[in-house]
Amino acid sequence: MIRKARKEDIQRIIELLHQVNMVHHVLRPDLFKPYTTKYNEQELEAMFQDDSKPIFVFDDNGVSGYAFCQVTEVKNNQLLEDIKTLYIDDICVDEKARGQHVGKTLYEYVRDYARSIGCNNITLNVWEGNEPALQFYRNMGMQVQKTTMEAPLTHSS
């Protein structure tokens, strides 16, 4: 069911990237452009070759979800302890497959993968106002590590 993404998955992943982008555009149209994607076909192909950026897909007679991951390590830092982190850059479940435990299955697979490669933790970002995502990650046992804040500035002429 869960496997690494392959070249033949690119078109389906692009479709899912569009779904994620529209969720973000509706939430924050001041930041996210409509009808575009975070990655293009060439960028996805390059990522498939990069072991530090695994992409996993949920495939049950077709890809219905994905998890883009990035493995980072801090070593010998003056301030920070040594740590290996799996960052979930993007996770998506097709809107038609929601409620069928695709997201939970993907998350648990990523968690187990992170453990298997010696990661100390999993991190990700969630946009404020994306309550379904926040609730999902809380249900998966995640907690707030840090908060990014903003102060929008209006430009006067």
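This is a predicted model, so every value here is computed, not measured.

What counts, and at which threshold
Residues numbered from 1 in each chain as written. Predicted model: local features only at pLDDT ≥ 70, side-chain atom pairs only at ≥ 80, totals over all residues. Heavy atoms only, no water. Salt bridge = Lys/Arg side-chain N within 4 Å of Asp/Glu carboxyl O. Buried < 20%, exposed > 50% of the residue type's maximum accessible area, 1.4 Å probe, protein only. Helix = DSSP H or I, 4+ residues; strand = E, 2+ residues; numbered from the N terminus. Pairing = 2+ DSSP bridges. Axes fitted to C-alpha atoms, helices over the stretch in contact; angles between N-to-C directions. Expected span 1.5 Å × (residues − 1). Arc of directions from axis to C-beta. Parallel < 35°, antiparallel > 145°, perpendicular 65-115°, else oblique. Left-handed = near helix turned anticlockwise from the far one by under 90°. Contact = heavy atoms within 4.5 Å. Nonpolar A, V, L, I, M, F, W, Y, C, P; charged D, E, K, R; others polar. Core = buried A, V, L, I, M, F, W, Y, C linked by side-chain atoms within 4.5 Å.

What follows covers the pattern of salt bridges. Inspection of the entire model under this criterion finds 13 salt bridges. For the salt bridge of Arg 3 with Asp 9, the shortest nitrogen-to-oxygen distance reads 2.7 Å. No difference in accessibility class separates Arg 3 from Asp 9, as the two residues are buried. Of the charged contacts, one joins Glu 150 and Arg 28 as a salt bridge, the two residues approaching to 2.6 Å between their closest N and O atoms. Placement of the pair is Glu 150 in the segment after α4 (131-139) and Arg 28 in the loop between α1 (10-27) and α2 (41-48), with a sequence separation of 122 residues. For Arg 28, a relative accessible area of 16% gives the class buried. Overlapping salt bridges bring together Arg 3, Asp 9 and Asp 59 as one network.

Turning our eyes to something else, we now look at the sheet that holds strand β1 (residues 2-4). If you walk across this open sheet you meet the 5 strands as β1-β2-β3-β4-β5, and the pairing is mixed. Among the strands making up the open sheet, the edge pair consists of β1 and β5 (121-124). With strand direction ignored, the average angle separating the axes of adjacent strands in the sheet is 30°. Here β1 runs beside strand β2 (residues 55-59); their pairing, made up of 3 bridges, is antiparallel.

With 15 residues, helix α3 (residues 102-116) should cover 21 Å at 1.5 Å per step; its first-to-last C-alpha distance of 21 Å lies within 8% of that length. Residues Val 102, Gly 103, Leu 106, Tyr 107, Val 110, Tyr 113 and Ala 114 constitute the buried set of α3. Looking straight down α3, one finds its buried side chains confined to an arc of 125°; they lie on one side. Those residues of α3 that are exposed and angled more than 90 degrees off the buried face are Arg 115 and Ser 116. Immediately beyond the C-terminal end of α3, within one or two residues, lies Gly 118, with a positive phi of roughly 85°.

Turning next to the packing of α1 against α2. Remark: α1 packs on α2, axes separated minimally by 10 Å, with the N-to-C direction vectors making an angle of 115°. On the basis of the axis angle, α1 is roughly perpendicular to α2. You can see that α1 and α2 cross each other, and the crossing is right-handed. Facing Ile 10, Gln 11, Ile 13, Ile 14 and Leu 17 of α1, the residues of α2 in contact are Glu 41, Leu 44, Glu 45 and Phe 48. Broken down by class, the residue content of the contact of α1 with α2 amounts to 6 nonpolar, 1 polar and 2 charged.

With that out of the way, let us pick up the nonpolar core. With 24 residues, the main nonpolar core has Leu 86, Ile 88, Leu 106, Val 110 and Ile 122 as its most contacted residues. Sorting the residues of this core by element identifies β2, β3 (63-74), β4 (83-93), α3, β5 and α4 as the ones contributing at least two each. Residue contributions to this core peak at 6 residues, all from α3. Judged by nonpolar contacts, the second largest core, of 17 residues, contains Ile 14, Leu 17, Tyr 39 and Cys 92.

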